[in-house]
Structures are given as structure tokens and as C-alpha cells.
Amino acid sequence: MKESTRQKVWVSGTPKLWIRHPQGGRQCPGCHHPIFERAVCEVLEEMGIASNTIGVPGVGCGARMFMVVNVDFVTTAHGRPPDVATAVKRIYPDRLVYTYQGDGDCLSIGMGSFMSAAARGEKFTIIMSNNSNYGTTGGQMAPTTLMGQKTTTTPEGRQPIHGYPIHAAELITQLKGVVYSARTAVNNPTNYQRTKKYLKTAFQKQFANLGLTFLEVLSACPADWHMTPLESLEWMEQKMIPEYPLGEFKNVDKIE
Amino acid sequence: MAERIFVQANEAVGWGALSADCMCFFGYPITPQNEITEWFARELPKRGKIFVQAQCETAAINMLYGAASVGVRAITSTSGPGWGLMQETMSNGANAEVPFVVVLVQRGGPGAGTTQHAQMDYISTTKGGGQGGYKTPVLAPASVQETHDLVQYAFYIADKHRTPVIVLTDAIVGQTAEPLEVKKLDFGPLPPKDWAAIGSKYHKDGKRVGISCAQGWSGQPPYFTYQSFLEHLNKKYPLIEETEQKYETWQTDDAKLICVAYGYTARVCLEAAMMARREGLKVGVIRPITLWPFPSNIIKEKIAQKARFLVVEDSLGQMVEDVKCVVQGKTDVHFLGMLARHQPGAGGMIFPDRVLQEVKKLL
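Cut-offs and rules
Residues take numbers from 1 onward in each chain, read along the sequence in its written order. Chains and ligands are labelled sequentially in the order written, the chains with letters from A and the ligands with numbers from 1. Only residues with pLDDT of at least 70 are given local features in this predicted model, and only at 80 or more are side-chain atom pairs given and counted; all residues enter the totals for whole chains, interfaces and linings. Here a strand is any run of E in DSSP of at least two residues, a helix any run of H or I of at least four, and the numbering for each starts at the N terminus. Our radius of gyration is a C-alpha quantity, and the globule rule it is checked against amounts to 2.2 Å times the number of residues to the power 0.38. Exposure is read from a count of other C-beta atoms within 10 Å of each residue's own; the residue is exposed at 12 or fewer, buried at 20 or more and partly exposed in between. C-beta atoms are placed from the backbone. Two residues qualify as being in contact provided that their C-beta atoms, derived from the backbone, are within 7 Å of each other. For every residue, the predictor assigns a confidence score, pLDDT, that lies between 0 and 100. Strand pairing follows a simple DSSP-based rule, namely that at least 2 bridges must link the two strands. Boundaries of every domain are those given by an automatic assignment or by a domain database. Note on terminology: a nonpolar core is a set of buried residues of type Ala, Val, Leu, Ile, Met, Phe, Trp, Tyr or Cys, with members joined through C-beta atoms within 7 Å. Polarity classes work like this: nonpolar for Ala, Val, Leu, Ile, Met, Phe, Trp, Tyr, Cys and Pro, charged for Asp, Glu, Lys and Arg, and polar for all others, with Gly in that last group. A helix is expected to reach a length of 1.5 Å times the quantity of its residues less one. With strands facing away from the observer, any crossover in which the path from the first strand over the helix to the second runs clockwise is taken as right-handed. Between N-to-C directions, angles cover 0 to 180 degrees, with each direction set by a line fitted to C-alpha atoms, over the stretch in contact for helices. By definition, turning the near helix anticlockwise from the far helix through less than a right angle yields a left-handed crossing, and turning it clockwise yields a right-handed one.

A. The overall build of chain B, seen in detail. Across its full length, chain B holds 13 helices and 15 strands. Its C-alpha radius of gyration of 21 Å places chain B within 12% of the 21 Å reference for a compact globule of 363 residues. Projected onto the principal axes, the alpha-carbon positions of chain B cover approximately 70 × 45 × 45 Å. Within chain B, the proportion of its 363 residues that are buried is 52%. Residue pairs in contact within chain B that sit at least 24 positions apart in sequence constitute 76% of those at least 6 positions apart.

Right, dumping it as C-alpha cells:
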């Protein structure tokens, strides 16, 4: 096992923005959503903009974010957060508006909404969680499923007949209306810090009122990958990150 | 006399929306409502308001949902297939209880149908066309002035009951030009929109709010269980049914036969009834203005008067089902539909002389 996989950090307390539910979290063991939710809480707190924020969740496990992150929110139909956020941000340009969608929500049912919002250069942030399958419904093939990866709808592994993975963070850079696009992960403390840095950049650039900001977050789904949390971290490093490299793909200060 | 302008009802939608302080329009081109989208594109930006041409009708209605969720008055318009695409979010809007207005300029169906007039969306608008069990108020204007007035009333009803509202016209009403007096109508006070998700620091108590289209399931206030949400809907819809029925009558007091029609066919029936009265036939007209709630009270009143009914609508029979449902076999209900058009092409219409012919057959 690589050094980075075994890295341990002690974290004390929870962010002020975190809402505790008496029944506990409803996430599966080893899921990365809560880790990313924590990063969002920390960034909103550090930037001091939580009470000026409107979140727009999609449909899927990620929608849980708005049960635990204490900001105003508007839930939507599957795939439609970019449309809803378009109206919200145009009406309230001084608010921080961000969507939180899964890969199925953003790249399958919501591809038209995603690309169109980018083409129009809408001034909000789209955050997409990529766990390479449909988590909520039990692990079916997603647009991001790796070639050869077994899911409940690709029982023999994904083959060319099922199509090829979509690389959203690279793809979206082709559209003029996009001013920031990056991919990150929360699989170890180093990447957690990278995630916070990218998030901050995206939110800051949103207030520059230039165009769309996009962040893709790789996320482990041990329950539907049929792995232990530790095995899923290894799979992520060995398979997922080589397919979906981390980094910033576009960061411009004006649209020409 | 107040100043009047000469416009199409499709443009009167725009003037009505402006009078109602509507802030946004989101839409997608489709015939026969294009004048509406083009009017807003021309008139909203120069007033500092928001126009977005969406990438499809699904997007347009979700933008509308977003605008309504942050407490702003917004409108869209569509027709035929576009209306089909909007159903999911009509249902979500009903669940989330966000107030917005959709103008549906009916065209021929089913499927892509025609680009010309028809009245074939009565059932999909009045019975909840999308998933799950919901109802949305439906208002049916029959003139340019009434389109302008009912668009304002639609915003009022939407805010009053926290619900999406449909203004149902058709290509004949929409593309008819008539004089219009643009004026702001006052329907009374409305509750504040303190439920809107505009950022927690803008709320009185500083606590966050959320708009959810899975009320009763998502665990958000005020409905913590699905059962409590269903109980709420079970009070809300009957309340609207009891209190919001609107209709117009013409010479129904002594009528032996009453034509029931909305939109363009109501004007056809009025013309036919006038012709019949000149010949001494006791014919009246009931014109439902709200299609849901259906004005069942006036129909019940006329059953007691032993009147018979002739439902005239430019479809294969949709509103006639509601009339029969109220009548429950206590009197005759006859139907004259789109097969009675003056010619078999998509442009055929039901004309007054055809209605008169039917009236004479029945009396």
C-alpha cells in the first residue's frame, strides 16, 4: 500500500456549519461525500460567506449535502441544478450559488443543462462528484464508469458497446463561457487540502462575475464497488486517478 | 376613457405580466406561442428584468422553478410537445409549493400534432399531467383583455395558495388582436414570502430555509413525515376547489339548453346563442374561467333548473367528462367536438352556424 493511502490525520471537532442529525449520518461506511461536505463547510466558514450562500443539490447521494451543511438550498429535478442555479444567480448576483451533483446527474440526464449553462457562461459554480457509478440506486453503470469496471448493469465489465468514460473537467474547458475547471479528490490529507484550495479558487472566481466555474471531485463508493473502505482507496489510486488525472485544466481571468 | 393599445393576446400576456411585477421570463421557441417569447425578449432587458432563452422546455420550467424558489414572480409559455416536457417540474413545483405561472397556448395533438389551434390539453392541465397526484389551478381567458387580466390574477392565485398556475389559451385566442387597456389590478393583500431561499442572513431569525420538491420525505420542515404532507395536500386542494371557482354566464336564467365552453369556443357559443335567441330559442352559455377548480356549483344550480347541456370544445371530448361528472345522469349532456370543424384540415374551426345547427337539433 502506498504511503499516501495510509496517511492518518487527527481531526477534532466539526465545522460550525455542520448540522448534526440525531439518527446519525445516512452514508455507507467509507463514503467520501461527508469528507467533501466537511471541506465545503470549512471553505464557506473561512471565506465568511455561508449566510450569503444558496446551494442547489441534484438527485443522488450528494443531495444529502444540504441536510448537513447549514445554508439555504433549493432542491431540483434530476439533472436540472444548472437550470435552477441560472435563475437564482441571475436574480441574486451577489449571492454565492453552487450546485452539487453526481456524475449521473451532471453528465447523463443533465448533460444538456450542464453544457448549456457553461456555454452561456453562467456565473455560478458546478461541483460534480465522480464515483464512477450510480450510488443511490445500487451501483449501475454511470457515464464515468471505467472500461472493464463491473457494475450491476455491466455485469461482465464495461465494454466498448457501452460507450466510453466522459472526462468532464477536460471536456468543459472547450466552452468559452468556462473560466475555471479542475479535478480533485479527497482520498488523502494532501488531496483534501488541494480540494479546499480549488474550492476557494472557484468561489473567488465566481465573484469576479466572469463565467462558469467547475470542480470535479473523485469520490469512493465502497458499498457499490463491493470493496472495503481501504481497498477502495487503493483502487482509486491505481485505477481511477490514472484515468481521471487531478489538477487545474482551465483558469482564465477574462473571456476572449 | 383610458388609453388602449391594439395587440394580440399573446402580447397581452407580456403586458399582464409586467402589470403583475413579473421579474423573469424563461422560454423556448415553439409555435403558436412565439410572439410571447419574442415580446419578453424585447421588453424585459430594457426594464432591467431577466430574459433567458433556455436550451429546451425542461430547462425553461426549471429556471422558472428556481426563480420562484427565491421568491420572485416569473413566467414561461409553451405549447404542445413543450408542455409534455414540462410535466416533471410542474409536479415538483406542486410538491415544493413554489408559485409560478405557465402560459399554455394549445395546439393540435396528440404528439407533434399540428402547429394550429385546438383545445386538447384540458385533461393534461386540469388533472395533473405529471407524476404523482397533484392539481394546479387552470385559468382560461377568451379575449385579449381577459388574457392580460387573468395573467395578473394567475400570479395572485399562485402566491395566495403557493402553487404553480396555468393560463390556458389556444392559437385562436393567442393570435387574435383586439384593443387592450393595460392596467394594474389589485386583488388584495398576500402573505410575505418568508419561505424563499435567499440566503440565511436575509431571514428574520437568521435560520436557513430550504425548498424541497420531496416534501414529507426529505425530513425538512414543516412536514417531517410523508403522512403529514399528504394531510396538508388533502386540505389544500379542497380549499381551492371550494373558494376559487370562476365562471361567466349569459342568459342562463330561463335557458332550456346551456352551451358549456371555454376559450375560443366560448365566443363561438355566445355568437350561436345570440342567433338562437333571435329565433326565440331559449339558449344560454356557461363559460368556465377556472377549469380547475371546475365551476361545478353553477352547473349544479342549472341542473335544478332542469336545463340540458351542450358541451362545445375543439377536442375529441375532454371537458365534457367534468360536466358529466357533475351532472351524474340527472339531465342530458351532449357534445360537439372537433369533428364538427368547418373543414377537415388542421386549420378547420367550429363555427357558430354549426353550433346553432346542433342547438336546433336538440331543442
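Having seen it, we continue.
B. Geometry of the overall build of chain A. Along chain A, the regular secondary structure elements total 10 helices and seven strands. For 256 residues, the compact-globule estimate of 2.2 N^0.38 gives 18 Å, and the C-alpha radius of gyration of chain A, at 17 Å, lies within 12% of that figure. Once the C-alpha set of chain A is aligned to its principal axes, its extents read approximately 45 × 45 × 35 Å. Counting the 256 residues in chain A, one finds 53% classified as buried. At a minimum sequence separation of 6, the contacts of chain A that also span at least 24 residues come to 68%.

C. Structural detail: the confidence of the model for chain B. With 100% of its residues at a pLDDT of 70 or more, chain B shows a mean pLDDT of 96. We note a pTM of 0.96 for the whole complex and an ipTM of 0.96 for its interfaces.

D. The arrangement of the environment of Thr-126 of chain B in detail. Residues and elements named next belong to chain B. Of note, Thr-126 is situated in helix H6 (residues 122-126). Placed 180 residues apart in sequence, Thr-126 and Lys-306 show a C-alpha to C-alpha distance of 27 Å. Discounting residues that sit within four places of it in the chain, Thr-126 has contacts with Val-138, Leu-291 and Trp-292.

E. Structural detail: the sheet that holds strand S6 (residues 212-218) of chain A. The sheet built from eight strands is open, its strands ordered S7(A)-S5(A)-S6(A)-S4(A)-S3(A)-S1(A)-S2(A)-S9(B) with mixed pairing. Here the strands that pair on one side only, and so sit at the sheet edges, are strand S7 (247-251) of chain A together with strand S9 (210-211) of chain B.

F. Representation of the domain arrangement of chain B. Residues and elements named next belong to chain B. In terms of domain boundaries, chain B breaks down into domain 1 (5-180), domain 2 (204-243) and domain 3 (248-362). Taking the mean C-alpha position of each, domain 1 and domain 3 sit 26 Å from one another. Taken together, the 22 residues of domain 1 in the interface contact 20 residues of domain 3. Looking at the side of domain 1 that touches domain 3, the elements with two or more residues in it are H6, strand S6 (138-139), strand S7 (165-170) and helix H8 (171-175). Among the elements that make up the side of domain 1 that touches domain 3, the one with the highest residue count is H6 (four residues).

G. Summary view of the nonpolar core. If you look at the biggest cluster of nonpolar residues, it comprises 176 residues, and the most contacted ones within it are Ala-74, Val-101, Ala-154, Cys-259 and Cys-269 of chain B. With residues near it in sequence (within four places) discarded, Cys-259 of chain B still touches Cys-269, Ala-272, Ala-273, Val-283, Val-285, Leu-310, Val-312 and Val-355 of chain B.

H. Looking closely at helix H6 (residues 111-119) of chain A. When we look at burial in H6 of chain A, the residues that qualify are Ser-113, Phe-114, Ser-116, Ala-117 and Ala-118 of chain A. Residues of H6 of chain A that are buried sit in contact with helix H4 (81-91), helix H5 (103-109), strand S4 (125-130), strand S5 (178-185) and S6 of chain A together with helix H3 (57-69) of chain B. Gly-121 of chain A sits one or two positions beyond H6 of chain A and adopts a positive phi of about 65°.

I. Main features of the interface of chain B and chain A. Each partner contributes to the interface: chain B provides 32 residues, whereas chain A provides 28 residues. For the side of chain B that touches chain A, the element with the most residues is H3 of chain B, which contributes seven residues. Among the residues forming the side of chain B that touches chain A, the class breakdown is 18 nonpolar, 11 polar and three charged. By the bridge criterion, two bridges tie strand S2 (residues 72-74) of chain A to S9 of chain B in an arrangement that is parallel.

J. Summary view of helix H7 (residues 144-161) of chain B. Residue and element names in this part refer to chain B. For H7, which comprises 18 residues, the first-to-last C-alpha distance of 26 Å matches the rise-based estimate of 26 Å (1.5 Å per residue) to within 8%. Where burial is concerned, most of H7 is hidden: 14 out of the 18 residues are buried. Immediately downstream of H7, the backbone of Arg-162 shows phi near 50°, a positive value.

K. Expanded view of the pairing of S6 of chain A. Residues and elements named next belong to chain A. Counting buried positions over the seven residues of S6 gives seven, a clear majority of the element. Side chains of S6 alternate between two faces, with Leu-212, Phe-214, Glu-216 and Leu-218 and Thr-213, Leu-215 and Val-217 buried alike. By the bridge criterion, six bridges tie S4 to S6 in an arrangement that is parallel. Directly across from Asn-130, in S6, lies its bridge partner Leu-218. Across seven bridges, S5 lies against S6 in parallel orientation. Bridge pairing links Ala-182 to Leu-215 in S6. A crossover links S5 with its parallel partner S6, the connecting element being helix H8 (residues 189-206), and its sense is right-handed.

L. Just the sheet that holds strand S10 (residues 247-250) of chain B, in detail. Residues and elements named next belong to chain B. The strand order across the open sheet formed by five strands is S10-S12-S11-S14-S15, and the pairing between neighbours is mixed. Strand pairing shows two members of the sheet lacking a second neighbour, S10 and strand S15 (333-336), which therefore form its edges. For this sheet, the mean angle separating the axes of adjacent strands, direction not counted, is 20°. By the bridge criterion, four bridges tie strand S11 (residues 257-260) to strand S14 (residues 308-312) in an arrangement that is parallel. Its bridge partner being in S14, Ile-258 is matched across the sheet by Phe-309.

M. Representation of the packing of helix H1 (residues 9-19) of chain B against H7 of chain B in the model. All names here are of chain B. Where H1 contacts H7, the two axes come as close as 7 Å, and the packing angle between them is 35°. For the pair H1 and H7, the sense of crossing is right-handed. Of the residues in H7, those in contact with Ala-9, Ala-12, Val-13, Trp-15, Gly-16, Ala-17 and Ser-19 of H1 are Val-144, Thr-147, His-148, Asp-149, Val-151 and Gln-152. A per-class count over the contact of H1 with H7 returns seven nonpolar, five polar and one charged.

N. The arrangement of unusual backbone geometry in detail. Of note, the amide linkage connecting Thr-31 of chain B to Pro-32 of chain B takes the cis form, showing an omega dihedral of 10°. Structurally, the position occupied by Pro-32 of chain B is in the loop between strand S2 (24-27) and helix H2 (34-43). Note that the residue after Trp-292 of chain B, namely Pro-293 of chain B, is joined by a cis bond; omega there is 0°. Residue position: Pro-293 of chain B is located in the loop between strand S13 (290-292) and helix H11 (296-304). For Ser-132 of chain A, which is not glycine, the phi torsion reads 60° and is therefore positive. Within the secondary structure, Ser-132 of chain A is located in the loop between S4 and helix H7 (168-171). In the Ramachandran plot, Arg-162 of chain B falls in the positive-phi region, its phi being about 50° despite a non-glycine side chain. Here Arg-162 of chain B lies in the loop between H7 and S7.

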